[in-house]
Each structure stands twice: as C-alpha cells, then as structure tokens.
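# Fold and contact review
Each chain, letter by letter, is given below.
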Amino acid sequence: MDSLPVLDETQVPADLDLFDEIDRLKKARSAVVLAHYYQEGDIQDVADFVGDSLQLSQAAAKTDASVIVFAGVHFMAETAKIVNPDRTVVLPDLSAGCSLADQCPADRFAAFIAAHPGHKVISYINCSAEVKALSDVICTSSNAVDMVNLFPKDQPLIFAPDRNLGKYVMRQTGREMVLWDGTCQVHEIFSEKKLVQLKVRHPDAKVIAHPECEPQVLRHADFIGSTAALLQYAVKHSDPAFIVVTESGILHQMQKAAPDKQFIPAPPEGNCACNDCPYMKRNTLEKLYLALRDLRPVVDVPEPVRRAALKPLTRMLKRDLNAA
Ligand code: 13P
Ligand code: SF4
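Owing to the predicted nature of the structure, the values given are computational and were not obtained by experimental measurement.

### Focus on the overall build of the protein
Of regular secondary structure, the protein possesses 15 helices and twelve strands. Its C-alpha radius of gyration of 20 Å places the protein within 12% of the 20 Å reference for a compact globule of 324 residues. By principal-axis analysis of the C-alpha atoms, the protein measures approximately 55 × 50 × 30 Å. The burial tally for the protein puts 56% of its 324 residues in the buried class. In the protein, 65% of the contacts between residues at least 6 apart in sequence involve partners at least 24 apart. Looking at charge distribution, the protein has the averaged site of its 35 positive side-chain charges lying 5 Å from that of its 42 negative ones.

### Let's talk about the site of ligand 2
Around ligand 2, the surrounding shell consists of Tyr38, Val73, Cys98, Ser99, Leu100, Asn126, Cys184, Val186, Glu212, Cys277, Tyr279 and Met280. Residues that form the shell around ligand 2 fall into these classes: nine nonpolar, two polar and one charged.

### Observations regarding the packing of aromatic side chains
Geometry of an aromatic ring pair is reported as the spacing of the ring centres plus the angle between the planes. Considering all chains together, one arrives at six aromatic pairs under this definition. When the centroid spacing of 6.3 Å and the interplanar angle of 20 degrees are considered together, the rings of Phe109 and Phe112 count as stacked. Linking Phe109 with Phe112, this pair stays in helix H6 (residues 106-114), spanning three residues, or about one helical turn. You can call Phe112 buried: its relative accessible area is 18%. Centre to centre, the rings of Phe109 and Trp180 are 5.5 Å apart; their planes meet at 90 degrees, and the pair counts as edge-to-face.

### Describing the site of ligand 1
Near ligand 1 you find 14 residues, and of these His36, Ser53, Ser141, His210 and Thr227 are the closest. Contact between ligand 1 and Glu212: an oxygen atom at 3.0 Å from a side-chain N or O atom of the residue. Side-chain polar atom of Thr227 to an oxygen atom of ligand 1: 2.8 Å apart, as the coordinates give it. Bound to the protein, ligand 1 loses 96% of the 300 Å² it would expose on its own. Its residues assigned to classes, the shell around ligand 1 comprises five nonpolar, seven polar and two charged.

### Examining the confidence of the model for the protein
Of all residues in the protein, 98% have pLDDT values of 70 or greater, and the mean over the chain is 95. Residue range residues 1-5 is modelled with pLDDT below 50. Its contacts to residues more than four positions away, or to other chains, number ten contacts.

### A look at unusual backbone geometry
With an omega dihedral of -10 degrees, the bond running from Ala160 to Pro161 counts as a cis peptide bond. If you trace the backbone, Pro161 turns up in the loop between strand E7 (157-160) and helix H9 (163-173). Here the residue pair Arg296 and Pro297 is connected by a cis peptide bond, since its omega of 5 degrees sits within 30 degrees of zero. Along the polypeptide, Pro297 turns up in the loop between helix H14 (285-294) and helix H15 (303-318). In this structure, Leu295 takes a positive phi of about 50 degrees despite not being glycine. One non-glycine residue with positive phi stands out, namely Arg319, at about 50 degrees. With respect to the helices and strands, the residue Arg319 is situated in the segment after H15.

### Here's the deal with the state of the cysteines
Under the criterion given, the structure shown has zero disulfides. In this structure Cys213 is not part of a disulfide, and its nearest cysteine sulfur, from Cys184, lies 8.2 Å away.

### Quick look at the side chain of Thr173
Counting through the fold element by element, Thr173 comes out in helix H9. Setting aside anything within four residues of it in sequence, one finds Thr173 in contact with Val145, Val148 and Asn149.

### Concerning the packing of helix H4 (residues 74-83) against H15
Contact geometry for H4 and H15: axes closest at 9 Å, N-to-C directions at 95 degrees. Relative to H15, the element H4 lies roughly perpendicular. Across the interface between the two elements, Thr79, Lys81, Ile82 and Val83 from H4 touch Arg306, Ala309, Leu310, Leu313 and Leu317 from H15. Residues of the contact of H4 with H15, tallied by class, amount to six nonpolar, one polar and two charged.

### Some remarks on the sheet that holds strand E5 (residues 120-124)
Taken together, the four strands give an open sheet; going across it, the order is E6-E5-E7-E8, and neighbouring strands pair in parallel fashion. Strands with a single pairing partner mark the edges of an open sheet, and in this sheet they are strand E6 (137-139) and strand E8 (178-179). As judged from the four bridges shared by E5 and E7, these two strands associate in the parallel manner. Residue Ile122 lies in a different strand from E7, and its bridge partner there is Phe159.

Criteria and thresholds
- Residues numbered from 1 in each chain as written.
- Chains lettered and ligands numbered in written order.
- Predicted model: local features only at pLDDT ≥ 70, side-chain atom pairs only at ≥ 80, totals over all residues.
- Heavy atoms only, no water.
- Helix = DSSP H or I, 4+ residues; strand = E, 2+ residues; numbered from the N terminus.
- Rg over C-alpha atoms; globule rule 2.2 N^0.38 Å.
- Buried < 20%, exposed > 50% of the residue type's maximum accessible area, 1.4 Å probe, protein only.
- Contact = heavy atoms within 4.5 Å.
- Lys, Arg positive; Asp, Glu negative; His and termini not counted.
- Charge placed at Lys NZ, Arg CZ, Asp CG, Glu CD.
- Near = heavy atom within 4 Å.
- Nonpolar A, V, L, I, M, F, W, Y, C, P; charged D, E, K, R; others polar.
- Phe/Tyr/Trp six-rings, centres within 6.5 Å; stacked < 30°, edge-to-face > 60°.
- Polar contact = N/O pair within 3.5 Å; in protein donor to acceptor, adjacent residues only side chain to side chain.
- Areas by Shrake-Rupley, 256 points an atom, 1.4 Å probe, with all protein chains shown as cover.
- pLDDT = per-residue confidence, 0-100.
- Disulfide = S-S within 2.5 Å.
- Axes fitted to C-alpha atoms, helices over the stretch in contact; angles between N-to-C directions.
- Parallel < 35°, antiparallel > 145°, perpendicular 65-115°, else oblique.
- Pairing = 2+ DSSP bridges.

Structure follows, in structure tokens:
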C-alpha cells in the first residue's frame, strides 16, 4: 500500500478547469475512471463508467486501459487490482474504507470459519482481499440471492460480513445461513419511524431500499435492490415520486435520468447527514485529478492473497461455483 495516503488538495490551483484537466490526463495516461453511484455528482460526471459494485467489478475485469482510477472505496479498488494485476490501480483517497470491511478482520474470520466445519463461505464483496481469500465465492447486493441459490439446498453456508444482506437473502431463498455480525454504518441508521412519517406525507411515493438496511426498514419497501436496480426501477416505473433508502449519491443519476420525478432521500436517525457515506465522500474531484496526475496512491495486493482472492471472485464473475 502507498505510504502517503492522502493527497494535498491545496496543491490544486483554484483557477484550474478540473473537468478539462481530468479529460486531458485520462488520455495522456491511457486511464479509465470507474465511479460508484455513491460518489459526489461531479465525480460521477467525469467518470467513464458509473455503476454498482457488480458492474464496476465487471468493468474492471474487461478494461484494456493501463491505469484504473477507482472512484469508490478501498475494497472496490482492491477488487480491480485482484482481477487486473498488471494495471496500475489508484484510489484518490486511500483512507476511503468501509465499515463492513473494517468489522470483519481476516484473523477473526478465519477462526469463525474454523468453528463451522463443513460450511461453504459466501462473502459480500464489501470485505478485504484477505477475507475474500478465505471465501469460496463472492457476491454483491445484486447477485447475492443468485449466488446462494447456486449451492445445493443441503449445503451449510456462512454469509459475511453484512448480517442485513444475509437476512434478506435468507428471506428470499428460504434457507438458513450462519451470519457474520457486520453492518453498513450508513444503511443501519435509517429511521423506521421517520420513514413511516415520510410515507404519510408522500402517499404517492414508492419506497425503494437497499438490502443493507435493517429488516424493520426493509419491510416498508415496495422494491429492494442494489443501487443499479434501484436506479433502473425508478426510471422504469411511472410513479411520480420515490423515497430512496440508500446512500444519497444515487440521487444524482436518478435525477439525471428522470428529471420530472421527485426523489426523496429517506431520513436517518437524529439530524445527522449520515445517509452520506463518509468513506465514499472522502474522494473529491481535486484528489481524483491529483491521482491521475501523479498516479498515486496506488492500491496493491500481495500476490499470494491476490491469487487466493481471485478464485472466489472468478466464480462470481462466471456465475460458476466450479470456475477457477
Ligand atoms: P451496490 O453497489 O451493490 O449497490 O452496494 C452498495 C454499497 O454499499 C457499496 O459500498
Ligand atoms: Fe461501506 Fe456502507 Fe459506505 Fe458502502 S455505504 S462503502 S457498505 S460504509
């Protein structure tokens, strides 16, 4: 990992046209900018590809660019490196982590697996490369149900690290799994009471929610899906308004794709802006420009870990438990 994690944004002259410069540098570096839907709007607008975690890992696997600038969080950039060891992968702010990944350290996870002999391990992509390396298969929020259904019905399963996504998958598949007790700090904070109050004020609005939310919030949802699925649902359905229960960054694409519809962010507990992911929002346009200019901070994965983590990722990308 790069020893100088945070680039100094004050280095960027205020009169620089960042959009033009980023465009110029992308060509000069033969770079592609991949951005998650939770990035700030300007970053989404300069990106070559914007998507959910599955789409981004697919885009990373098939790019022929020499440099991948990952506008997302660390586990996403790591995934890009795992599938693309020969390319330079940079993350505008190396401290862009994830509460789910942080709550599942590899040494404790290895002990958890050892305590459940005979179980296969399915890990949500929101985890470190070391945890991926301990897993049989990876999933994202958009394919978790499908990936679990690939296993024979009588195969005992461990699902980690998101207990809420795990519970959602258990409800959808009707099968029991042993869950790691992790949560996303953004999605666990939505208030059921405030959501119900918002529904009363907006009776015409459909509630669309991400499966990382707590079950008591999800039971009020008309539709549950990954960020890409939520966007697609909101664009396709003719309803005039949507209450959006996920990180606020997705509203940028929703508003762009359907300017005549109303998108209402669901309220978190208290009066905080906790539906902004503090990790995702560590990246800024200035840091992205500096990352492209200086080709750092780079994300690297030790080769033995990378090779072990590639197997479960390949099984996901090929939708085949026997791949790799
Ligand atoms: P998706 O990209 O699968 O919708 O997941 C959202 C998320 O929390 C990414 O960190
Ligand atoms: Fe992690 Fe939640 Fe932020 Fe996604 S939104 S990166 S799961 S903390």
